[in-house]
Amino acid sequence: MTPHHAVEIALTRPATPGELRLAGRGVPLAANADRTRLMAVQGARSPGGALHGLRRRLDALLPIDVLSTHYPDRHGQVLLNVALGHAADRALRRDALSWDCGPRTCSAGV
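**Q** Could you clarify how one ought to interpret a nonpolar patch on the surface in this entry?
**A** Together, Val 78, Leu 80, Val 82, Leu 84 and Leu 92 make up a nonpolar patch on the protein surface, roughly 460 Å² of accessible area in all. Within the element layout of this structure, Val 82 appears in strand β5 (residues 80-82).

**Q** Please clarify how the nonpolar core should be interpreted in this entry.
**A** The nonpolar side chains of soluble globular proteins are, as a tendency, buried together. Membership of the largest hydrophobic core comes to 17 residues, with the highest contact counts inside it found for Ile 9, Leu 54, Leu 58 and Leu 62. Elements that contribute at least two residues to this core include exactly β1 (4-11), α1 (17-26), β3 (37-43), α2 (47-58) and β4 (64-69). Among the elements that take part in this core, α2 stands out by supplying four residues, more than any other. Leave out the neighbours within four places in its chain, and Leu 62 touches Leu 11, Ala 15, Glu 19, Leu 20, Ala 23, Leu 29 and Leu 38.

Analysis parameters
Residues numbered from 1 in each chain as written. Predicted model: local features only at pLDDT ≥ 70, side-chain atom pairs only at ≥ 80, totals over all residues. Heavy atoms only, no water. Patch = residues over 30% accessible without salt bridge, like charges linked within 9 Å, V, L, I, M, F, W, Y side chains within 5 Å. Areas by Shrake-Rupley, 256 points an atom, 1.4 Å probe, with all protein chains shown as cover. Salt bridge = Lys/Arg side-chain N within 4 Å of Asp/Glu carboxyl O. Helix = DSSP H or I, 4+ residues; strand = E, 2+ residues; numbered from the N terminus. Core = buried A, V, L, I, M, F, W, Y, C linked by side-chain atoms within 4.5 Å. Buried < 20%, exposed > 50% of the residue type's maximum accessible area, 1.4 Å probe, protein only. Contact = heavy atoms within 4.5 Å.

The quantities given are spatial measurements derived from coordinates; they are silent on function.
Pasting the structure below:
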């Protein structure tokens, strides 16, 4: 049996009723009152897999800003899935090269 993971979806703007209906056909969704935040339950082997799978299923249907796991994992971490444009991705990767980043800390390179 595949485990299921609760995922919170933050939208860039309120979803229209039509967008929610269309997206809800493939994935059961619960929306807050202003339709800017949604909750879904996604089956996957891992929380990261749940975020990735939900992004693939809903990205073309909803104005998704950020996906996050709703509950912390066994290490107390909440995972985020943010889709960046190519320019932002290149800038972050370039800047990361000048930082010495370990598993929990980053410090400016000299």
